[in-house]
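# A closer look at the structure
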Amino acid sequence: MNTPIYIIEEARLRRNLQLIADVARRADVEIILAFKAFALWKTFPIFREYIRSTTASSLSEARLALEEFGCRAHTYSPAYTDGEFDEILRCSSHLTFNSLSQYERFHARVGGQASVGLRVNPEYSEVGTALYNPCAPGTRFGVTADKLPEQLPSDIKGFHCHCHCESGADVLERTLVHIETRFARWFPQLKWLNLGGGHLMTRSDYDVDLLINILRGLHARYPWLKIILEPGSAFAWQTGPLVSHVVDVVEDKGIRTAILDVSFTCHMPDCLEMPYTPEVRGAKASLNPSGGGEATYRLGGNSCLSGDFMGYWQFDHELQVGEEVIFEDMIHYTTVKTNMFNGISHPAIGMLHLDGSLEILRQFSYDDYRSRMD
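Owing to the predicted nature of the structure, the values given are computational and were not obtained by experimental measurement. (Residues numbered from 1 in each chain as written. Predicted model: local features only at pLDDT ≥ 70, side-chain atom pairs only at ≥ 80, totals over all residues. Heavy atoms only, no water.)

## Remarks on the overall build of the chain
- Check the secondary structure of the chain and you find 11 helices and 18 strands.
- Here the C-alpha radius of gyration of the chain, 22 Å, is about what a compact globule of 374 residues would show, namely 21 Å.
- Based on the C-alpha atoms only, the size of the chain along its principal axes is roughly 65 × 45 × 45 Å.
- Within the chain, buried positions represent 54% of all 374 residues.
- Taking as baseline every contact in the chain between residues at least 6 positions apart, the subset at least 24 positions apart corresponds to 69%.
- Of the roughly 16,700 Å² of accessible surface on the chain, 50% is carried by carbon and sulfur atoms.
- Distance between charge centroids for the chain: 6 Å, based on 35 positive and 47 negative side chains. (Helix = DSSP H or I, 4+ residues; strand = E, 2+ residues; numbered from the N terminus. Rg over C-alpha atoms; globule rule 2.2 N^0.38 Å. Buried < 20%, exposed > 50% of the residue type's maximum accessible area, 1.4 Å probe, protein only. Contact = heavy atoms within 4.5 Å. Areas by Shrake-Rupley, 256 points an atom, 1.4 Å probe, with all protein chains shown as cover. Lys, Arg positive; Asp, Glu negative; His and termini not counted. Charge placed at Lys NZ, Arg CZ, Asp CG, Glu CD.)

Now the structure itself:
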């Protein structure tokens with residue numbers, strides 16, 4: 001295609017799903033899909049072959065769970081609102097409150113229609129980037145142990161705790177020490193414990209056996225608790241690239257920038273927010289404009305944001321207008337976070353099937369941009 005496109009590779013997606021389903025079976029836990037990382041509903045028939053449920057953080061995500069995945073969601077939101085709460089409840093099997101005040105305000109309206117939970121904060125996280133650390137001092141997420149009554153309200157059936165971001169099993173092992181130290185005395189009053197997301201079990205160097213042993217040990221200590229994990233990145237990790245094209249090459253002060261038909265701020269926002277340096281097929285990331293060779297470029301997006309660029313990459317040839325630049329592993333946290341700032345053309349979304357055929361799941365047009373302003 002001569003237009004930018006995200007390509008989801010079915011074989012890689014199924015490989016991840018099979019691994020996740022195997023972990024769930026061996027560890028006797030429930031692993032559910034977090035829509036905040038991946039919500040392409042046209043792939044849900046494949047997901048339903050391996051998992052049974054999803055997690056939502058908004059009314060739209062809860063509706064997507066019910067209407068497109070075919071199940072009520074495990075829903076958590078930092079703040080429910082009066083106007084949306086009843087509809088969210090209709091779409092939710094589990095409903096977690098972020099604070100005791102939110103619980104007091106809304107719990108009576110649940111009326112047994114969902115299993116009620118409370119998000120707790122163990123005041124420990126190894127996430128190094130402050131933007132993604134849910135347990136940083138001053139966080140708006142969850143209730144600390146010192147604020148909980150010794151006897152929980154009778155309708156609170158679970159705790160939800162999220163501390164990770166693309167983390168390893170060893171991080172979970174250390175984090176559980178803090179979770180149990182602070183909150184285990186309430187576990188006899190509960191039926192489930194949701195350990196949130198960030199468990200990157202499909203990463204090639206992830207210690208899957210350690211994860212399973214950790215979860216089995218947790219079961220042994222608290223056999224009455226149902227354990228839930230809700231990773232996002234793990235499902236779509238390394239499942240496909242974003243294919244872009246060079247539209248121009250410009251130079252200033254010795255820095256050459258290859259301008260692409262995609263945008264970092266619009267289509268790859270984590271590259272600027274995290275910041276995360278993506279892998280570019282056929283190129284080496286470099287720390288300086290020269291990169292040890294002449295074919296070194298900063299890659300620039302096509303929006304008007306001055307900082308819409310990343311750099312530097314060294315290629316084995318001079319880039320030409322029209323040739324492809326392929327960003328690897330660009331499915332998770334991209335397709336859900338993209339925006340149409342500047343009216344920039346949105347990449348198409350395609351699926352590469354097992355038989356080698358490419359199905360275009362969605363193409364975008366002016367009408368999609370215009371409809372956002374209706």
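## Digging into the sheet that holds strand β5 (residues 73-76)
- As summarised here, the arrangement of the 9 strands in space is β2-β10-β9-β8-β7-β6-β5-β4-β3, forming an open sheet in which the pairing is parallel. Both outer strands of the open sheet, β2 (30-31) and β3 (33-34), are each paired with one neighbouring strand and no more.
- Looking at chain direction, strand β6 (residues 92-97) and strand β7 (residues 115-119) are connected through 4 bridges and run parallel. Note that in β7 the partner of histidine 94 across the bridge is serine 115.
- Docked against the sheet, helix α3 (residues 59-69) engages β4 (54-56), β5 and β6, running at close to 150 degrees with respect to β4.
- In this fold helix α5 (residues 100-110) packs onto β6, β7 and β8 (156-160), with an angle of close to 150 degrees to the strand it touches most, β6. (Pairing = 2+ DSSP bridges. Axes fitted to C-alpha atoms, helices over the stretch in contact; angles between N-to-C directions.)

## Comments concerning unusual backbone geometry
- In the segment running from glycine 311 into tyrosine 312, the intervening peptide bond is cis, with an omega of 10 degrees.
- Relative to the helices and strands, tyrosine 312 resides in strand β15 (residues 309-315).
- Here the phi dihedral of aspartate 28 falls at roughly 55 degrees; this positive angle occurs in a residue that is not glycine.
- Locating aspartate 28 in the fold gives a position in the loop between α1 (10-27) and β2.

## A word on the layout of surface pockets
- If you add up the space inside the largest pocket, you get close to 1,100 Å³.
- If you go around the largest pocket, you meet 43 residues; those closest to its centre are Lys36, Leu131, Tyr132, His162 and Tyr333.
- Those elements giving two or more residues to the lining of the largest pocket turn out to be β4, α8 (233-236) and α10 (270-273).
- A per-class count over the lining of the largest pocket returns 20 nonpolar, 14 polar and 9 charged.
- When its volume is computed, the second largest pocket comes out at roughly 500 Å³.
- As for the second largest pocket, its lining consists of 16 residues, and the residues nearest its centre are Leu40, Thr335, Ile349, Arg362 and Phe364.
- A class-by-class count of the residues in the lining of the second largest pocket yields 9 nonpolar, 3 polar and 4 charged. (1 Å grid on protein atoms, 1.4 Å probe; cavity = no way out; pocket = protein on both sides within 12 Å on 5 of 7 lines; lining within 4 Å. Points joined across faces, edges and corners; volume = space filled by probe spheres on them. Nonpolar A, V, L, I, M, F, W, Y, C, P; charged D, E, K, R; others polar.)

## Focus: α1
- With 18 residues, α1 should cover 26 Å at 1.5 Å per step; its first-to-last C-alpha distance of 26 Å lies within 8% of that length.
- Regarding α1, the residues found buried are Glu10, Leu13, Arg14, Asn16, Leu17, Ile20, Ala21, Val23, Ala24 and Ala27.
- In this structure, the buried side of α1 is in contact with β1 (5-9), β2, α2 (44-47), α7 (208-221), α8 and β17 (348-352).
- Just downstream of α1 lies aspartate 28, where phi reads positive at about 55 degrees. (Expected span 1.5 Å × (residues − 1).)

## Observations regarding the pattern of salt bridges
- One pass over the full model with this rule turns up 24 salt bridges.
- In this structure, the salt-bridge partner of glutamate 123 is arginine 182, at a minimum N-O distance of 3.7 Å. You can see glutamate 123 sitting in the loop between β7 and β8 and its partner arginine 182 sitting in helix α6 (residues 169-183), a full 59 residues away along the chain.
- Glutamate 123 sits in the partly exposed class, given a relative accessible area of 45%.
- Judged by its relative accessible area of 25%, arginine 182 falls in the partly exposed class.
- Beyond isolated ion pairs, a larger network of salt bridges with shared partners links Asp22, Arg25, Arg26 and Asp209. (Salt bridge = Lys/Arg side-chain N within 4 Å of Asp/Glu carboxyl O.)

## Quick notes on empty space enclosed by the protein
- This model, assessed by the stated rule, comprises 1 cavity of 30 Å³ or more.
- Its volume calculated, the largest cavity comes out at about 50 Å³.
- Listing elements by their share of the lining of the largest cavity, those giving two or more residues are β5, β6 and β9 (192-194).
- Among the elements that make up the lining of the largest cavity, the one with the highest residue count is β5 (3 residues).
- Taken together, the residues of the lining of the largest cavity break down into 2 nonpolar, 7 polar and 1 charged.

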